[in-house]
Amino acid sequence: MITRIFARCIAIAIMFLGISTNALAFPTIEVSREVREIALTSGLSFLEDTSGELGLEDILRAENREKFQPVLGEIPSFGLSVSAFWVGFRVESTDSSPVKKYLELDFPILREVDLFVESEDGSFQRFSTGYGKAFSERPLLTRSFVFPLELKPSSPTRCFLRIQSLTALQAP
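Reading guide: rules and limits
The written sequence of each chain sets the order in which its residues are numbered from 1. In keeping with the predicted nature of the model, local features appear solely for residues at pLDDT of at least 70, side-chain atom pairs appear and are counted solely at 80 or more, and the whole-chain, interface and lining totals rest on all residues. Note that water and hydrogens are dropped before the side-chain values are worked out from all heavy atoms of the structure. Counting from the N terminus, the helices are the DSSP runs of H or I reaching at least four residues and the strands are the DSSP runs of E reaching at least two. Note on classification: 1.4 Å probe, protein chains only; a residue is buried when its accessible area is under 20% of the maximum for its type, exposed when over 50%, partly exposed between these limits. The Shrake-Rupley method, run with a 1.4 Å probe sphere, supplies the accessible areas, and residue values consider only the shown protein chains as cover. By convention, a stacked pair of Phe, Tyr or Trp rings (six-membered ring in the case of Trp) has centres within 6.5 Å and planes under 30 degrees apart, an edge-to-face pair has planes over 60 apart, and any other such pair is tilted. One speaks of a salt bridge when a side-chain nitrogen belonging to Lys or Arg is within 4 Å of a carboxyl oxygen belonging to Asp or Glu. Using a 1 Å grid laid over the protein atoms alone, points where a 1.4 Å probe fits but cannot get out form a cavity; open sets with protein on both sides within 12 Å along at least 5 of 7 lines form a pocket; any residue with an atom within 4 Å of a point counts as lining. Grid points are joined across faces, edges and corners, and a volume is the space filled by probe spheres set on the points. Residues are grouped as follows: nonpolar covers Ala, Val, Leu, Ile, Met, Phe, Trp, Tyr, Cys and Pro; charged covers Asp, Glu, Lys and Arg; every other residue, Gly included, is treated as polar. Contacts are residue-level and defined by heavy atoms, with any inter-residue pair within 4.5 Å sufficient. Pairs of N or O atoms within 3.5 Å make up the polar contacts considered here, provided that, within protein, one atom can donate a hydrogen while the other can accept it, and that residues adjacent in sequence are counted only when both atoms are side-chain atoms. The criterion is simple. A nonpolar core is a set of buried Ala, Val, Leu, Ile, Met, Phe, Trp, Tyr and Cys residues joined through side-chain atoms within 4.5 Å.

Student: Talk me through the overall build of the chain; I want residue IDs and the actual numbers.
Tutor: Across its full length, the chain holds 2 helices and 12 strands. Tracing the chain from N to C terminus, the helices and strands come up as β-α-β-β-α-β-β-β-β-β-β-β-β-β. A buried classification covers 48% of the 172 residues belonging to the chain. As presented, the chain carries roughly 8500 Å² of accessible surface, and 50% of it is formed by carbon and sulfur atoms.

Okay, structure coming up:
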């Protein structure tokens with residue numbers, strides 16, 4: 001059975017990047033075929049891009065490391081914002097064979113949602129969706145935003161999520 005990694009809403013997803021002083025290092029989420037769902041709710045950090053113009057290349061630069069901030073409290077709220085928010089994380093399969101998982105953002109009123117997933121060669125695959133785009137362009141045709149993740153055994157997959165919307169950004 002295909003399982004999924006579950007992020008209940010945007011504010012939870014906006015907060016999942018670990019801070020490192022020497023490299024963009026992230027906490028690793030370990031999953032297996034048996035893991036059905038993981039709620040990302042604590043120990044999270046985020047980067048607010050007030051210009052809304054930073055790209056993945058900018059996020060990967062060392063000087064942006066210090067801009068990531070930890071979330072204080074279990075239910076973060078950003079109110080109304082025109083900023084873009086970035087979150088980074090690593091996912092690793094503990095199984096001996098590849099595993100297919102899903103990252104779900106169950107907050108369908110987000111205007112722009114981009115997920116960047118690192119490939120083995122260091123390049124990134126981009127998934128782009130949001131209510132501002134045609135429903136038919138979603139990676140999976142569901143009410144919420146769902147992204148497929150193909151995880152290799154014992155090989156962390158680095159991901160970056162960029163979210164921008166004109167609605168309130170908060171967790172329930």
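Next comes the rest of the description.
Student: I'd like a rundown of the packing of aromatic side chains, residues and numbers included.
Tutor: Enumeration according to the criterion identifies 4 aromatic pairs in this entry. Ring centres of Trp86 and Phe116 lie 5.8 Å apart, and the angle between their planes is 20 degrees; this geometry places the pair in the stacked category. Of this pair, Trp86 sits in strand 6 (residues 84-93) while Phe116 sits in strand 8 (residues 112-118), and the two are 30 residues apart along the sequence. Its relative accessible area of 8% is what places Phe116 among the buried residues.

Student: Pulling in residues and values, what's your account of the pattern of salt bridges?
Tutor: For the structure on display, the rule yields 7 salt bridges. Ionic pairing is found between Arg162 and Glu112, a salt bridge with its closest N-O pair at 3.0 Å. With Arg162 in strand 11 (residues 157-164) and Glu112 in strand 8, the pair connects residues that are 50 residues apart, well separated along the chain. Here Arg162 falls in the buried class, since its relative accessible area comes to 7%. Across the salt bridge formed by Asp114 and Arg126, the nearest N and O atoms sit 3.3 Å from each other. With a gap of 12 residues between them, Asp114 in strand 8 and Arg126 in strand 9 (residues 124-129) connect regions that are remote in the sequence.

Student: Which residues make up the layout of surface pockets, and what values go with them?
Tutor: Over the atoms a probe the size of a water molecule is rolled, and this reveals where empty space is left. The calculated volume of the largest pocket comes to roughly 300 Å³. Lining the largest pocket are 15 residues, and of these Val117, Glu118, Ser119, Glu150 and Thr157 lie nearest its centre. Looking at the lining of the largest pocket, the element that brings in the most residues is strand 10 (residues 145-151), giving 3 residues. Among the residues making up the lining of the largest pocket, the classes are represented as 5 nonpolar, 4 polar and 6 charged.

Student: Could you give an account of the environment of Ser144, with specific residues and numbers?
Tutor: Counting through the fold element by element, Ser144 comes out in the loop between strand 9 and strand 10. Along the chain, Ser144 and Phe107 lie 37 residues apart, while their C-alpha atoms are 6.1 Å from each other. Those residues in contact with Ser144 that sit more than four places away from it in its chain are Glu104, Leu105, Asp106 and Arg138. In terms of polar contacts, Ser144 uses its side chain to reach the side chain of Glu104, at 2.7 Å.

Student: Hey, could you go over the environment of Leu105 for me, with residue numbers and the actual values?
Tutor: Within the element layout of this structure, Leu105 appears in strand 7 (residues 99-105). With relative accessibility at 0%, the residue Leu105 sits in the buried group. Along the primary structure Leu105 and Arg143 are separated by 38 residues, whereas in three dimensions their C-alpha atoms are 9.8 Å apart.

Student: Explain the nonpolar core to me, using residue names and the numbers behind them.
Tutor: Core analysis: the biggest nonpolar cluster contains 20 residues, and Leu115, Phe147 and Leu149 have the highest contact counts within it. At the level of elements, strand 2 (28-31), strand 6, strand 7, strand 8, strand 10 and strand 11 are the ones that each hand at least two residues to this core. A total of 4 residues in this core trace back to one element, the largest contributor, which is strand 10. Beyond its immediate sequence surroundings of up to four residues, Leu115 is in contact with Phe89, Leu103, Gln125, Arg126, Phe127, Phe147, Leu149, Cys159, Phe160 and Leu161. Of all hydrophobic cores here, the second largest spans 7 residues; its members include Leu47, Ile59, Phe68 and Phe160.

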